[in-house]
Amino acid sequence: MRVATWNVNSIRARVDRVVDWLVREEVDVLAMQEIKCREDQFPLLAFTEAGYDVEIHGANQWNGVAFASRLPMDDVTRGFETMPGFGKPDAAGSLPLEARAMAVTVDGVRLWSLYVPNGRELGDPHYEYKLDWLNKLAVQTTEWLAAHPGVPLALMGDWNIAPLDSDVWDIRVFDGSTHVSEPERAAFAGFEALGLRDVVRERIPVGFTYWDYKQLRFPRNEGMRIDFIMGSEAFAELVTDASIHRNERKGTAPSDHVPVLVDLDIPIPDDDDRPMIF
DNA sequence: ATGACATATTCAATATGA
């Protein structure tokens, strides 16, 4: 089974590239982030014609996550129970919840698509929101792991954190910036403390997953590594290979992020055995 | 000094991104 994560930066602007890549790379399950549309706006047809079912969690022109899979998706959940909101409180005083997290189970593997809040600036309310969001997710993950011992779990997505200085092209440029601050790195390390680990880095130590559109960042290879697949021990044991698809940053109308993929030692049914989707 | 790029939305000017 081939499982991937990709911040697509608008699925409506990227649908052809995304579906082409899924088919070309024989991906079974894709976790998407920044789909930037509501469920009713999602370009479903291109996916279904290629044999993929889609589960969507979108709210408006910002954020939004989704899964595309050619294997059945079960136990679809949107958001998580203790997830904090952000923005203007409603009459009851609660903050709007953003579409940044959802999960599905495929072949007994629990998969999350995560779009961690950006943080904007150190000290910005959005920065506190980012740290709170991550810490609440870690607590939730702790509880889930305790309740589902031995079940493979992967938290996949755009973490908006560069855990190592070498995860940005020049750490000096990031002095005083988000993504590299100690509290963000501590929040990321909190997931490692739960027994999750970056199953891609242990196979691909070097390489970015994001390059800004501006300032010739990609031609200069001035990028960041911020998209990760954090697997539980049971998940990590299934991983046989990993890849970062840098070529998807090239060509016409790319996303600013590229796909990150793992191969799992889970046999999938032949095409002939798979139900047809029209 | 600032923007540079790309996406969304009340299609014009603004919000967001990292």
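Residues numbered from 1 in each chain as written. Chains lettered and ligands numbered in written order. Predicted model: local features only at pLDDT ≥ 70, side-chain atom pairs only at ≥ 80, totals over all residues. Heavy atoms only, no water.

Draft legend 1. A look at the UniProt feature "site: Transition state stabilizer" (unreviewed entry) in chain A. Taking the numbering used here, the UniProt-annotated feature "site: Transition state stabilizer" (unreviewed entry) corresponds to Asn-160. Once residues within four sequence positions are removed from consideration, Asn-160 is found in contact with Tyr-115, Val-116, Pro-117, Asn-118, Lys-130, His-179, Glu-184 and Ile-226. (UniProt positions renumbered as here; feature names shortened; annotations may be inferred. Contact = heavy atoms within 4.5 Å.)

Draft legend 2. How the structure looks around the packing of helix α3 (residues 125-147) against helix α4 (residues 182-192). Between α3 and α4, the shortest axis-to-axis distance is 9 Å and the interhelical angle comes to 10 degrees. Comparing their axes, α4 and α3 come out roughly parallel. Taking contact as the criterion, the partners of Tyr-127, Lys-130, Leu-131, Leu-134, Asn-135, Leu-137, Ala-138 and Thr-141 in α3 are, on α4, Pro-183, Glu-184, Ala-187 and Phe-191. The residue inventory of the contact of α3 with α4, partitioned by class, reads eight nonpolar, two polar and two charged. (Axes fitted to C-alpha atoms, helices over the stretch in contact; angles between N-to-C directions. Helix = DSSP H or I, 4+ residues; strand = E, 2+ residues; numbered from the N terminus. Parallel < 35°, antiparallel > 145°, perpendicular 65-115°, else oblique. Nonpolar A, V, L, I, M, F, W, Y, C, P; charged D, E, K, R; others polar.)

Draft legend 3. Fine view of the packing of aromatic side chains. All told, the structure shown has 10 aromatic pairs when counted by the stated rule. Between Phe-80 and Trp-133, the ring centres sit 5.4 Å apart and the planes meet at 75 degrees, which makes this aromatic pair edge-to-face. Residue Phe-80 is located in the loop between β5 (74-78) and β6 (101-106), and its partner Trp-133 is located in helix α3; the two are separated by 53 residues in the primary sequence. Overall, the relative accessible area of 9% leaves Phe-80 in the buried class. Between Trp-159 and Phe-191 the ring centres are 5.0 Å apart and the planes differ by 80 degrees, which places this aromatic pair in the edge-to-face class. With Trp-159 in the loop between β8 (153-158) and α4 and Phe-191 in helix α4, this pair connects stretches of sequence that are 32 residues apart. Judged by its relative accessible area of 0%, Phe-191 is buried. Members of the aromatic cluster, each reached through a chain of ring pairs, are Trp-159, Phe-188, Phe-191 and Phe-228. (Phe/Tyr/Trp six-rings, centres within 6.5 Å; stacked < 30°, edge-to-face > 60°. Buried < 20%, exposed > 50% of the residue type's maximum accessible area, 1.4 Å probe, protein only.)

Draft legend 4. Region of interest: the pattern of salt bridges. Taken as a whole, this structure holds 19 salt bridges when the rule is applied. Between Arg-197 and Glu-233 there is a salt bridge, with its nearest N and O atoms 2.8 Å apart. In this pair, Arg-197 is assigned in strand β9 (residues 197-198) and Glu-233 in helix α5 (residues 233-236), connecting sequence segments 36 residues apart. Glu-222 is paired through a salt bridge with Arg-217; the nearest N and O atoms lie 2.5 Å apart. (Salt bridge = Lys/Arg side-chain N within 4 Å of Asp/Glu carboxyl O.)

Draft legend 5. Inspection of the nonpolar core at higher detail. Phe-67, Leu-111, Val-200, Ile-229, Phe-235, Val-262 and Leu-264 are the most contacted members of the largest nonpolar core, which has 34 residues in total. Core analysis: the next-biggest nonpolar cluster, separate from the first, contains 25 residues, Trp-133, Leu-137, Phe-191 and Leu-196 among them. (Core = buried A, V, L, I, M, F, W, Y, C linked by side-chain atoms within 4.5 Å.)

Draft legend 6. Just the protein's contact with DNA strand B, in detail. Taken together, 26 residues surround DNA strand B, and among them Ser-10, Asn-118, Arg-120, His-179 and Met-224 come closest. Of all DNA strand B atoms lying within 4 Å of any protein atom, the proportion belonging to sugar or phosphate reaches 81%. Contact distances for DNA strand B include 3.5 Å between a phosphate oxygen and a side-chain N or O atom of His-257. Broken down by element, the residue count for the surface near DNA strand B peaks at three residues, all from helix α1 (residues 11-24). A class-by-class count of the residues in the surface near DNA strand B yields seven nonpolar, 11 polar and eight charged. (Near = heavy atom within 4 Å. Polar contact = N/O pair within 3.5 Å; in protein donor to acceptor, adjacent residues only side chain to side chain.)

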